[in-house]
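# Reading the structure
The residues making up each chain are set out below.
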Amino acid sequence: MKDINSLNKVILVGRVGKKPELRYSAQSQRPVARFTLATNEVYFNRNTNEKIQRTEWHKVYMWGPLAEFASEYLTIGRLILVEGKLRSREWQD
């Protein structure tokens, strides 16, 4: 049964921090591109009367033809909009 009250959707608008790195998956040879994306948040601290800028870095993965497109056309500093879903992973060091 589907849970219709649930949604996993992310929209990021930011600048490319690293040129996409194109690889191919081991089993299916499907193209995968990965790169970083910087989003900025500017807010005003009323206590100190200063403007504060905070940058958040995101790891972005693209698959299939979109990965090949990203690898060819995205450059460092380019402003882009990315829409997708959020996934978290667990790992041990």
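What comes next concerns the included structure.

What counts, and at which threshold
- Residues numbered from 1 in each chain as written.
- Predicted model: local features only at pLDDT ≥ 70, side-chain atom pairs only at ≥ 80, totals over all residues.
- Heavy atoms only, no water.
- Helix = DSSP H or I, 4+ residues; strand = E, 2+ residues; numbered from the N terminus.
- Rg over C-alpha atoms; globule rule 2.2 N^0.38 Å.
- Buried < 20%, exposed > 50% of the residue type's maximum accessible area, 1.4 Å probe, protein only.
- Contact = heavy atoms within 4.5 Å.
- Phe/Tyr/Trp six-rings, centres within 6.5 Å; stacked < 30°, edge-to-face > 60°.
- Lys NZ or Arg CZ within 6 Å of the ring centre and 35° of its normal.
- Salt bridge = Lys/Arg side-chain N within 4 Å of Asp/Glu carboxyl O.

Broken down by element type, the protein chain carries 1 helix and 5 strands. The linear arrangement of helices and strands in the protein chain, starting from the amino end, is β-β-β-β-α-β. For a compact globule of 93 residues, the expected C-alpha radius of gyration is about 12 Å, and the protein chain comes in at 17 Å, more than 25% above that figure. Considering the protein chain as a whole, with its 93 residues, one finds that 23% of them fall into the buried category.

Tracing the backbone shows Ser71 in helix α1 (residues 65-73). With relative accessibility at 18%, the residue Ser71 sits in the buried group. Beyond its immediate chain neighbours, meaning those up to four positions away, Ser71 contacts Lys19, Pro20 and Leu22.

Now for the packing of aromatic side chains. Enumeration over the complete set of coordinates arrives at 1 aromatic pair. Ring geometry for Phe69 against Tyr73: centres 4.8 Å apart, planes inclined by 40 degrees, an arrangement best described as tilted. Linking Phe69 with Tyr73, this pair stays in helix α1, spanning 4 residues, or about one helical turn. Overall, the relative accessible area of 47% leaves Phe69 in the partly exposed class. Sitting over the face of the ring of Tyr61, Arg89 holds its NZ or CZ atom 5.8 Å from the ring centroid.

The next thing to look at is the pattern of salt bridges. Tallied over the full model, the rule gives 5 salt bridges. Residue Glu83 is joined to Lys9 by a salt bridge in which the shortest nitrogen-to-oxygen separation is 3.1 Å. Here Glu83, found in strand β5 (residues 79-84), pairs with Lys9, found in the segment before β1 (10-16); they are 74 residues apart in sequence, far enough to count as distant. Of the residues examined, Lys9 reaches a relative accessible area of 48% and is grouped as partly exposed. The salt bridge involving Glu21 is made with Arg34; its shortest N-O contact spans 3.3 Å. One end of the pair, Glu21, is in strand β2 (residues 21-24); the other, Arg34, is in strand β3 (residues 31-45), and 13 residues separate them in sequence. Owing to a relative accessible area of 34%, Arg34 belongs among the partly exposed residues under this scheme. Taken together, the shared-partner salt bridges in this structure form one network comprising Glu21, Arg23 and Arg34.

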